[in-house]
Amino acid sequence: MKTYQKLLITSAITALLAGCGGNNTLPQNTESGTKPAFSTGGDPSFLKGDTQIAIASFRVVFITEGQKMQAAADKGRWGSSGKASSTATVKTKLTGVDSQLMQQITDQAYTNFSQNLVQQGFSVLPLQQVTSNAAFKELDKRDNGQVSSTINSAKEMLMGKKSSLNEYPVYSPTGLPLLAESFLCKQIEPLFKSICLPKVASALGMTTLHVAYVVDFSSFESSARAGMNYATDSIYANAKVSTGQNLHLKPQNTGIVAINNKGKEVALYLNPDNPYQGARAFGESVEATSSTDKAVSGFKNALGALSAVSGGTARSDSTITYEMQAQPKIYQAMVNDLLKASSNELVWGLEYFRNKP
């Protein structure tokens, strides 16, 4: 059994997301002594002795915006009114990473993943045979890099954040069409149980993979006390939130789903304790707060001041945006390293279940 490599954790501010029930963590690689980063969901027993693999879906989601809001009050619980309240919102935007670069990263990731499969003794079905399959051809496709629809854009404007990972730029490798989130494939985003790929796996007659990587670029840190109970604390707690550059693969949303020709599935997904994070800055962070955000904050604060005069709640609101201006070559090299290292471990996981006694 070959070893796999990981990047060292350099900074970790990751949210604990809800996991799936009945999951197991992969065993430690005895040759490398490295703690596994991926857990499994489902029954992997069908992979035993399996050497033929078809990659029918391979996507890289590039998160290009981020947002974090923190609120606090001098008394009452989260959502209640107090004598004073404060909200702080930090937004981030990624620039300097264009469509061509995202496509290059995705193509390289697919090449590395396929080569890892071959090196570990798997036989990978050529892309042409996957795309020419009748069941695959029937699936709805979408263009690489396509972003949110008008409806989703309106929702984003009202809510201030993306409601779906597929509203960010999504790319599939050259030669493998990107599957659309249609009625039949709506659960594919990005590691949910798919109700269309089992048909493809059945038609191909072999284990079929859906591979998903979600690349994020920032991390947020909030004031520790905000949102707590201030009923017995008369000290005003300002809401504070900061952000930093932190290229990383998004936990729970990064991994693979393997489906055999009888419809059985197993998922390998990245744990919250995520070792796949960048070790250095990839560009320059510049404040780029819009005039609209400044005006909205000023209006809210003015209303809060008037309310305080009449015995109501005083408000202090602020919104700031940082533009992460990436240096393209540095960003590309760092993301390539993250995807390559994680693909080594994902393929090792498949090999482990294939060879498991």
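Residues numbered from 1 in each chain as written. Predicted model: local features only at pLDDT ≥ 70, side-chain atom pairs only at ≥ 80, totals over all residues. Heavy atoms only, no water.

To continue, consider the overall build of the chain. For the chain, the helix and strand inventory stands at seven helices and 15 strands. For the chain, buried positions account for 48% of its 357 residues. Just so you have it, the chain exposes about 16,900 Å², and 53% of that area is on carbon and sulfur atoms. (Helix = DSSP H or I, 4+ residues; strand = E, 2+ residues; numbered from the N terminus. Buried < 20%, exposed > 50% of the residue type's maximum accessible area, 1.4 Å probe, protein only. Areas by Shrake-Rupley, 256 points an atom, 1.4 Å probe, with all protein chains shown as cover.)

This model, assessed by the stated rule, comprises eight aromatic pairs. Aromatic side chains phenylalanine 62 and tyrosine 171 sit 6.0 Å apart centroid to centroid with 80° between the ring planes, which places their arrangement in the edge-to-face category. With phenylalanine 62 in strand β3 (residues 52-62) and tyrosine 171 in strand β8 (residues 170-171), this pair connects stretches of sequence that are 109 residues apart. Members of the aromatic cluster, connected to one another through ring pairs, are Phe58, Tyr110, Phe113 and Tyr213. (Phe/Tyr/Trp six-rings, centres within 6.5 Å; stacked < 30°, edge-to-face > 60°.)

Right, let's talk about helix α5 (residues 197-204) for a bit. Of all the residues in α5, the buried ones are Leu197, Val200, Ala201 and Leu204. The buried residues of α5 occupy one face: seen down the axis, they fall within an arc of 100°. At its buried positions, α5 is contacted by β3, α2 (127-131), α3 (134-137), β9 (178-179), β10 (207-222) and β12 (255-259). Two residues or fewer past α5, glycine 205 is found with a positive phi of approximately 75°. (Arc of directions from axis to C-beta. Contact = heavy atoms within 4.5 Å.)

Here we take up the confidence of the model for the chain. On average, residues of the chain score 78 in pLDDT, and 71% of them reach the 70 mark or higher. Confidence over residues 1-22 falls short of pLDDT 50; this stretch has 60 contacts with residues more than four positions distant or in other chains. Low confidence marks residues 226-236, where pLDDT is under 50. Its contacts with residues over four positions away, or in another chain, come to 25 contacts. (pLDDT = per-residue confidence, 0-100.)

What the rule picks out here adds up to one disulfide. Here cysteine 185 connects covalently by a disulfide to cysteine 196, the sulfurs 1.8 Å from one another. Given an S-S torsion of about 95°, the disulfide between cysteine 185 and cysteine 196 has right-handed geometry. Separated by eleven residues along the polypeptide, cysteine 185 in the loop between β9 and α5 and cysteine 196 in the loop between β9 and α5 bring together distant segments of the chain. The pair formed by cysteine 185 and cysteine 196 is uniform in burial state, with each residue classed as buried. (Disulfide = S-S within 2.5 Å.)

Let us look at the nonpolar core. Phe58, Phe113 and Tyr331 are the most contacted members of the largest nonpolar core, which has 78 residues in total. The element best represented in this core is helix α7 (residues 328-355), accounting for eleven residues. Once residues within four sequence positions are removed from consideration, phenylalanine 113 is found in contact with Ile55, Phe58, Leu209, Val211, Tyr213, Ile256, Ser343, Leu346 and Val347. (Core = buried A, V, L, I, M, F, W, Y, C linked by side-chain atoms within 4.5 Å.)

For an α-helix the count is 3.6 residues per turn, leaving residues at separations of three or four pointing the same way. End to end, α7 covers 40 Å across 28 residues, agreeing with the expected 40 Å (1.5 Å per residue, within 8%). Counting buried positions along α7 gives 21 out of 28 residues, so the element sits mostly inside the fold. (Expected span 1.5 Å × (residues − 1).)

Within this structure, the stated rule accounts for two salt bridges. The partner of glutamate 181 in a salt bridge is arginine 59, and the shortest N-O contact between them spans 2.8 Å. Here the residue glutamate 181 occupies a position in the loop between β9 and α5, and arginine 59 occupies one in strand β3, the gap between them amounting to 122 residues. In this structure arginine 59 comes out as buried when scored by relative accessible area, which is 0%. (Salt bridge = Lys/Arg side-chain N within 4 Å of Asp/Glu carboxyl O.)

Let us now look at the pairing of β12. In terms of burial, β12 is largely enclosed, as five of its five residues are buried. Along β12, one buried face is formed by Gly255, Val257 and Ile259 and the opposite face, lined by Ile256 and Ala258, is buried too. Strand direction decides the pairing type here: β10 and β12, joined by five bridges, are antiparallel. Within β12, the position partnered with valine 211 by the bridge is isoleucine 256. With five bridges connecting them, β12 and strand β13 (residues 265-270) associate as antiparallel partners. Across the sheet, residue glycine 255 finds its bridge partner in β13, namely tyrosine 269. (Pairing = 2+ DSSP bridges.)

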